[in-house]
Amino acid sequence: MKCGLLVRAERNRGIGVQTREYAAHLDPAKVLVIDVGEHEQYPIYPEDFPGATVVQMAPDGTLPERMVRRWLHGLDVCLFVETPMDWRLCTWAREQGVRTVNHQNPEFYRHGNHRLPHPDAWWAPTTWRLDHLPPSTVHVPVPVALERFKAPSVRERRSGPVRFLHSVGKWSAYDRNGTETFVRSCYLASRGEPLDATITCLHELPHECAPGGDWVNVQIGGVENYWDAYDGFDVLVLPRRYGGLNLPCQEAMAAGLAVVMPDVSPNTECWPVVPVPASFAGRVPMPAGQVSLAEVNPTQLVEVMRRLAGSPRELAEWRERSRAWAEAHSWEALLPRYMTELQKVIDGPPAPPPIQDHDPFAARPRPRQESPSSPGDELPRRRRVVYQGRGALP
């Protein structure tokens, strides 16, 4: 099998990390690095992919056809994540007898409402919004590079208070990771016995989410190796509002952290998370159409965090479940599945035309539940960000 792989060569960003690990574990015959130039603010590192072909995206968002066609020649299948950047690639591949596979997060699925060339196969990384993707879509989980993480001793943690981590990464629309909810929760906790909480992000937080006091540490900047971001922490807290694949969740589990997330799809379906109640908070426009938001009550989130902080036995059990999940979803465990699914794409029929997008909440709405006390409304609003702990990284 000759597999070609499209990669984004940024470091420590979601799609960059995902495709980088694909390149490291799938042993592709060819790698295509896409330099999006002025379309993206982050630098790329093509030197991390020796022998790769690098193509420059034009200002109009197109790729150089001649170079891409030459790169496709001789391949059996081409795998990419989210988008090939120029959907004509699917047409060029089909003309050369090369099958294409898109590992697609549903919120960015555009083919329901647009006449775009589509790949021969669709993979979904989670079970979220599967009914918004073509009927032939296959659920193919994204593995974790378990070998990069230190084997944690989940039964014997270090002394001191339980340390909570909230990962923002690159800020996403509509506060995807629930940062404002996490900040409000930490503020509420500070009225009693404060929690040891840290927020990590690549850039300054938006004003509405920036803490205005010393009840939470904020670290701005990246780390050289993404797997080092979880060292010294016990619990990852992600009151996520929407989304499918969540790499920080999977990476934290590989590092042996317990993970707290809302009890909505796909969180409780795909990962052994500590659930926190969530309510329906409306819909927002995304490339795929209207996407439903979840909302976590800050008071309830504090209760879950305090419960874990005060129960070493429960915390250890959740950490064990995390590590067990990571072992079952490592590259060593899932690589045969990837090879099998890629071969099926090569041997099987092309995917049927895409379906029209629709919203499942239209048939089964969930009423929004307001907090009777709304304590989070008392959060002070300040522009100042307090840096503590290990401090901001360069």
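Residues numbered from 1 in each chain as written. Predicted model: local features only at pLDDT ≥ 70, side-chain atom pairs only at ≥ 80, totals over all residues. Heavy atoms only, no water.

A. Representation of the side chain of N267. With respect to the helices and strands, N267 occurs in helix α6 (residues 267-270). A residue is classified by how much of its surface remains accessible, and N267, at 2% relative accessible area, is buried. Among the polar contacts made by the side chain of N267, one reaches the main-chain carbonyl oxygen of P262 at a distance of 3.0 Å. Not counting the four nearest positions on each side in its chain, N267 is found in contact with M261, P262 and V273. (Helix = DSSP H or I, 4+ residues; strand = E, 2+ residues; numbered from the N terminus. Buried < 20%, exposed > 50% of the residue type's maximum accessible area, 1.4 Å probe, protein only. Polar contact = N/O pair within 3.5 Å; in protein donor to acceptor, adjacent residues only side chain to side chain. Contact = heavy atoms within 4.5 Å.)

B. Summary view of the pairing of strand β2 (residues 30-35). As paired strands, strand β1 (residues 3-7) and β2 are joined by 4 bridges and run parallel to one another. For L5, the partnering residue across the bridge sits in β2 and is V31. You can see the chain leave β1, run along helix α1 (residues 14-26) and come back into β2, and the turn it takes is right-handed. Pairing analysis gives 4 bridges linking β2 to strand β3 (residues 53-56), with the strands arranged parallel. Its bridge partner lying in β3, L32 is registered against T53. (Pairing = 2+ DSSP bridges. Right-handed = clockwise from strand over helix to strand, strands pointing away.)

C. Geometry of unusual backbone geometry. Looking along the chain, the bond that leaves S265 and enters P266 is cis, with omega of 5°. Here P266 is to be found in the loop between β12 (258-262) and α6. The backbone of E82 sits at a positive phi, close to 70°, despite the residue not being glycine. With respect to the helices and strands, the residue E82 is situated in the loop between β4 (77-81) and α3 (88-95). Relative accessible area serves as the criterion here: at 14%, E82 is assigned to the buried category. Positive phi, normally seen in glycine, also occurs at Y174, with a value near 60°.

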